[in-house]
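# Topology and contacts: notes
In case you want the letters, here they are:
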Amino acid sequence: MNSSVIVKIISIVFVVSVLFAGNGNATSDPLPVTPVQNVDLARYMGLWYEIARLEHFFQEGCRGSTASYTLSPTGEIEIINRCVKEKDNSLRSAKGRAWSVDPKGNARLKVSFFWPFRTDYWIIDLGRDYEYAVVGSPNRKYLWILARKPEMEKDVYKHILELVAKQGFDVGKLVRKP
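Residues numbered from 1 in each chain as written. Predicted model: local features only at pLDDT ≥ 70, side-chain atom pairs only at ≥ 80, totals over all residues. Heavy atoms only, no water.

## Digging into the pattern of salt bridges
The condition is simple: Whenever a carboxyl oxygen of Asp or Glu lies within 4 Å of a side-chain nitrogen of Lys or Arg, that contact is scored as a salt bridge. Strands here mean DSSP runs of E at least two residues long; helices mean DSSP runs of H or I at least four residues long; both are numbered from the N terminus. Relative accessibility thresholds used throughout: buried, under 20% of the residue-type maximum; exposed, over 50%; partly exposed, between the two (1.4 Å probe, protein chains only).
Across all of its chains, the model carries four salt bridges by this definition. With a closest N to O distance of 2.4 Å, Arg53 and Glu50 form a salt bridge. A salt bridge links Arg97 to Glu76, with the shortest nitrogen-to-oxygen separation between them at 2.7 Å. Note that Arg97 is positioned in strand E4 (residues 91-100) and Glu76 in the loop between strand E2 (62-71) and strand E3 (77-85), a separation of 21 residues in sequence. Using a relative accessible area of 31% as the deciding quantity, one classes Arg97 as partly exposed.

## Here's the deal with the packing of aromatic side chains
Keep this limit in mind: Note on ring pairs: Phe, Tyr and Trp rings are taken, using the six-membered ring of Trp, and paired if centres are within 6.5 Å. Classes follow the plane angle, with under 30 degrees stacked, over 60 edge-to-face and the rest tilted.
One pass over the structure, following the stated rule, counts five aromatic pairs. Between Tyr69 and Tyr121, the ring centres sit 6.2 Å apart and the planes meet at 75°, which makes this aromatic pair edge-to-face. Here Tyr69 is found in strand E2, whereas its partner Tyr121 is found in strand E6 (residues 117-126), with 52 residues between them in sequence. Assigned by exposure class, Tyr69 and Tyr121 land together as buried. Taken together, the ring pairs connect Tyr44, Trp48, Tyr69 and Tyr121 into an aromatic cluster.

## A short note on the side chain of Ser112
Selection rule: Within 3.5 Å is the distance limit for a polar contact, defined as a pair of N or O atoms, with the added protein rule that one can donate a hydrogen and the other accept it, and that residues adjacent in sequence qualify only through two side-chain atoms.
Structurally, Ser112 can be placed in strand E5 (residues 108-114). For Ser112, a relative accessible area of 7% puts it in the buried group. A distance of 3.5 Å separates the side chain of Ser112 from the backbone oxygen of Phe114, its partner in a polar contact. There is a polar contact of 2.7 Å between the side chain of Ser112 and the backbone oxygen of Phe117.

## Brief notes about unusual backbone geometry
Here the bond from Trp115 into Pro116 is cis, since omega is 5°, no more than 30 degrees from zero. If you trace the backbone, Pro116 turns up in the loop between E5 and E6. Not every positive phi belongs to a glycine, and Tyr130 is a case in point at roughly 60°. By the element assignment, Tyr130 lies in the loop between E6 and strand E7 (132-136). Backbone geometry at Arg140 places phi at a positive 65°, although glycine is not the residue there.

The following block contains the structure:
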């Protein structure tokens, strides 16, 4: 074989190995993102404090973030998200709506802050007394850890980090803001 044929074979092997990288055995794959079995939407309503999140442009430079949920007579959830902009200490808010796409358990929701854009909002962990909630998306792009109080106990936070890591979220990218 001449050297140009060998180079072509090595190049093809390299390209194929790059294309199929990460498609190894299933035991290394994270668990799928799984919502909780059931959410009582009436109990879920109210004010939530953000404890941690995966950073996104729409929350960039925000601290002290809260989410307030109100159940409307139509069954939709009205949302008001607020934060303080670190740059100038101004209050920022965004209004949106959510609706269940899981009528049995209400743990899988769709959220929209401006039509026609919407995204998945899955409640993947929930405190027994609704004292905390973990919300994420099945594609793992979004994750919020929320609580009814502005602070969370360390052991509860540790439990949540273990749970979301098992479901494939990158906990190293979580941002905690006061």
